[in-house]
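Here are the chains, one letter per residue:
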Amino acid sequence: MQETQLLKGILEGCVLGIIARGETYGYEILSVLESAGLDEVGEGTLYPVLTRLDKNGYIQCRRAKSPLGPIRKYYTITLTGKKYLEEFKKNYRKITESAGRILTGNSKKAGREAETDGLQLHDGTA
C-alpha cells in the first residue's frame, strides 16, 4: 500500500485541525503540513480538500488582500467543523490504537486466537 492512500484518509482531518488553530490561507496550511512531515501534499491535493470542507460547511472562506499584495483566500473553522473535527479525532484515535495493537502484536487476545480471529487461514483452519 502506498503512503498516499493512508494520507488520503487523514488529510481532511489534518487540514481542518490546522484551520482550527486560527484563520489561515492555503500556502500557510501547506507549510504546516510540510513541517509536520507531510511534504508530499501539494496544491493539487490541498485545494480540493479545502473545497470539500467548504461545501460541507466545515470551514468558511473569505477573500482579502494579503500583506504582499495579491488577493488571498482565508479559511476559518465553523461550529459544524469543530464538531466534525472532534468526531474525526475520536475515530482517528480509535483506529490508530487498534491498528497499533495489531501491528505490534499487543492485541487484547493472546496467541493464535488473536492471529486468526475471524480469518480463514490458507490451510483451511480458523
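Above this text sits the structure in question.
Residues numbered from 1 in each chain as written. Predicted model: local features only at pLDDT ≥ 70, side-chain atom pairs only at ≥ 80, totals over all residues. Heavy atoms only, no water.

Sheet architecture is open: 3 strands sit in the order 1-3-2, paired in antiparallel fashion. The open sheet has two free edges, formed respectively by strand 1 (24-25) and strand 2 (59-65), since each of these has just one partner strand. Pairing between strand 2 and strand 3 (residues 71-77): 7 bridges, direction antiparallel. Within the sheet, the bridge partner assigned to Arg63 lies in strand 3 and is Lys73. The strands touched by helix 3 (residues 43-55) within the sheet are strand 2 and strand 3, with strand 2 carrying the most contacts at an inclination of about 120°. (Pairing = 2+ DSSP bridges. Helix = DSSP H or I, 4+ residues; strand = E, 2+ residues; numbered from the N terminus. Contact = heavy atoms within 4.5 Å. Axes fitted to C-alpha atoms, helices over the stretch in contact; angles between N-to-C directions.)

Turning our attention to the packing of aromatic side chains. Inspection of every chain in the model, using the stated rule, returns 3 aromatic pairs. Where Tyr58 meets Tyr84, the ring centres are 4.3 Å apart and the plane angle is 10°; that geometry is what we call stacked. Of the two residues, Tyr58 is situated in the loop between helix 3 and strand 2 and Tyr84 in helix 4 (residues 79-104); the sequence distance between them amounts to 26 residues. Positioned above the aromatic ring of Tyr25 is the side chain of Arg72, whose terminal nitrogen or guanidinium carbon lies 3.8 Å from the ring centre. (Phe/Tyr/Trp six-rings, centres within 6.5 Å; stacked < 30°, edge-to-face > 60°. Lys NZ or Arg CZ within 6 Å of the ring centre and 35° of its normal.)

This part is about the packing of helix 2 (residues 26-35) against helix 3. Helix packing geometry: the angle between the two helix axes and the distance between the axes. Following both chains from N to C, one finds helix 2 and helix 3 inclined at 115°, their axes separated by 11 Å at the closest point. Considering how the two elements wind past one another, helix 2 and helix 3 form a crossing that is right-handed. On helix 3, the residues that touch Gly26, Tyr27, Ile29 and Leu30 of helix 2 are Glu43, Leu46, Tyr47 and Leu50. Class assignment of the residues belonging to the contact of helix 2 with helix 3 gives a composition of 6 nonpolar, 1 polar and 1 charged. (Left-handed = near helix turned anticlockwise from the far one by under 90°. Nonpolar A, V, L, I, M, F, W, Y, C, P; charged D, E, K, R; others polar.)

Among the residues making up helix 2, those that are buried are Gly26, Ile29, Leu30 and Leu33. All buried residues of helix 2 project into a common sector of 100° when viewed along the axis, lining one side. Across from the buried face of helix 2, at angles greater than 90 degrees, the exposed residues are Tyr27 and Ser35. Directly beyond the C-terminal end of helix 2, a positive phi value near 100° is found at Gly37. (Buried < 20%, exposed > 50% of the residue type's maximum accessible area, 1.4 Å probe, protein only. Arc of directions from axis to C-beta.)

Let us look at the environment of Ile59. Tracing the chain through its elements places Ile59 in strand 2. Since its relative accessible area comes to 2%, Ile59 is described here as buried. It is 9.1 Å that separates the C-alpha atoms of Ile59 and Lys82, two residues lying 23 residues apart in sequence.

Before going further, it helps to spend a moment on the side chain of Glu12. Structurally, Glu12 can be placed in helix 1 (residues 3-20). Within polar-contact distance, the side chain of Glu12 engages the side chain of Tyr84 at 3.0 Å. Contact partners of Glu12, with chain neighbours within four places excluded, come to Val49, Arg52, Leu53 and Tyr84. (Polar contact = N/O pair within 3.5 Å; in protein donor to acceptor, adjacent residues only side chain to side chain.)

Counting residues in hydrophobic clusters, the biggest one holds 20 residues, and the most contacted among them are Val15, Ile19, Ile29, Leu33 and Leu50. A per-element tally of this core places helix 1 first, with 6 residues. Here Ile29 is in contact with Val15, Ile18, Ile19, Thr24, Leu46, Leu50 and Tyr75, once residues within four sequence places are set aside. (Core = buried A, V, L, I, M, F, W, Y, C linked by side-chain atoms within 4.5 Å.)

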